[in-house]
Amino acid sequence: MIGVKRLAGVALAALVMAASTAHAQPAAQTPEARTAARFEAAAKDRAQLRLFLRGMPKGGDLHNHLSGAAYAEDFLAWAGESDLCVTKDGLPSIVPGPCDAPGKVPARGLARADTALYNRAINALSMRNYNPGADGAMASGHDQFFATFGRFGAGGDGKLGPMLAVAREYAAGDTVDYVETSVNPTAMGELAWSFKDTPWTDDFAGALAAIKPRLPAMVAQARQEFDAAEADADRRQGCLAQKPRTGPCAVVLGYQGFAVRILPPSVVFAQLASAFALAQGDPRFVGVNIVAPEDHPVSLADYRLHMRMLQYLHAQYPDVKLSLHAGELTLGLVTPRELRFHVREAVETAGAARIGHGVDIAYEDGARDLLARMARDKVAVEINLTSNDVILGVKGADHPLALYRKAGVPFVLSTDDEGVSRIDLTNEYLRAVTEQGLTYADLKAAARASLEYSFLPGASLWASPRTPVAACAKPGPACDAFLAMSRKATAQWRLEREFAAFEAEAK
Ligand SMILES: [Zn+2]
């Protein structure tokens, strides 16, 4: 643990210094205050603000889907490596070979062989150049967004290592240290799909008993798959020779297994049971999620059932943490009755520790009580400004971020599907400033929250928002030992060290 010790000494000195200078000098003289002033000056100019925010330490990206994080260009390149094809007509998609059939061309070399088709494919596989209403086949950003996954999905088959590598690459470019990304192992998909013809009977215990004997083998296969993929990502990014790791190699990944809420109930239950087993059996899997369009008729019809499934499984695996997509809805997209309870049930029935999106909060019954409960119980909300704009058309003053903040609900800024939306986390910080009026202090608090509310195991570095735990009140073996025991505190220490360096730049 030499690295941790060294890091502890440096960062602790910086923390103690920052704390003492805060008392000894007028506020305007502290590096933090000077940095806030630099932020205010940059905020008048969008390009300057972008430059400032890119370098700003951001901690974690807690709402990230691995397949949605890669860009269309990445999928087309992997499709080429796998000798897959691209369809030529209509909205191009990546499909299996052989490619000499009518209407298909090889993905390999497409960028040079047919640049026009390559560009059309990038548009079809993402939100690039998307113009609602211009294409008769597509009516909304919502439909285009979710349809991209089916068009690029084949490009990611067998490419887990490269996908992990690009997630780390984009995070490092964004000054992000930790990504909590939703991804399922291959073995979990096979296991869950084997229940597709099993009728659902509401017998939770019976359903779990049917799948339980198969879970250990699934977890073992998943471990092998992720061991190999992580080793592949390390090889591709030249990490093995690095001591200590830097850049993309230093980005920490945490995984969330997930269920797809539009599938038959028996499959959803099997996915959830598998996701809980993974979170219990492999420390890289830090939580459980549920994904896919929440406004889909099956998602709506089964919403309460899914929350009861989660409640049941959570009782069997009480240490597993849940981050649940909930309230990714708005007026007009669904009937008013569907807007009234999704966030509440995710919190109260399923016991979610974090809520993904939560856009419909102002439409929910008892919203003020629910907000107060989320604030009291520290149920954080993951805010995805671009995603909410392109999928739901909710942005600016219509977005409930200000409502959450006013209620004291902890929040983090996250990307959702940065490759599909063609954004990065810096862009989301920028929107939080230009559209939501956040200050440097607000963004710094959000960055700290992104590790405080992460599912990284271990105790928090912070006893209160600005005071480290007693073990780390002064440098020494007690703090070294504390950090060595906690992956969360280690990540938080790293973030403080990065803030100290970032704020030292402001003269
Ligand atoms: Zn999402």
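In what follows, the structure referred to is the one given above.
Predicted model, so just to flag it, every value in this text is computed and none were measured.

1. Section: the sheet that holds strand S3 (residues 94–95)
Here is step 1: If you trace the 3 strands from one edge of the open sheet to the other, you get S3-S2-S4, paired in antiparallel fashion. Two strands lie at the open edges of the sheet, namely S3 and strand S4 (104–106), each paired on one side alone.
Here is step 2: Alignment of strand S2 (residues 85–87) against S3, held across 2 bridges, turns out to be antiparallel. Bridging across to S3, Val86 finds its partner in Ile94.

2. Topic: unusual backbone geometry
Here is step 1: Residue Pro98 is bonded to the preceding Gly97 through a cis peptide linkage, with omega at 0°.
Here is step 2: Its identity is not glycine, yet Ala292 carries a phi of approximately 95°, on the positive side.
Here is step 3: Relative to the helices and strands, Ala292 is located in the loop between strand S7 (285–291) and helix H14 (297–316).
Here is step 4: The exposure class of Ala292 is partly exposed, given the 17 C-beta atoms found within 10 Å.

3. Description of the sheet that holds strand S8 (residues 323–326)
Here is step 1: Taken in spatial order, the 4 strands line up as S8-S9-S10-S11 in an open sheet, and their pairing is parallel. The two strands at the open ends of the sheet, each matched to only one other strand, are S8 and strand S11 (411–413). On average, adjacent strands in this sheet sit at an angle of 25° to one another, irrespective of strand direction.
Here is step 2: Sheet topology places strand S9 (residues 354–357) next to strand S10 (residues 380–383); 3 bridges connect them, and they run parallel. Residue pairing across strands places Gly356 opposite Glu382, the latter belonging to S10.
Here is step 3: The strands that helix H21 (residues 440–452) touches are S10 and S11; relative to S11, the one it contacts most, it runs at about 100°.

Rules used throughout
Residues numbered from 1 in each chain as written. Predicted model: local features only at pLDDT ≥ 70, side-chain atom pairs only at ≥ 80, totals over all residues. Pairing = 2+ DSSP bridges. Helix = DSSP H or I, 4+ residues; strand = E, 2+ residues; numbered from the N terminus. Buried ≥ 20, exposed ≤ 12 C-beta atoms within 10 Å, placed from the backbone. Axes fitted to C-alpha atoms, helices over the stretch in contact; angles between N-to-C directions. Contact = placed C-beta atoms within 7 Å.

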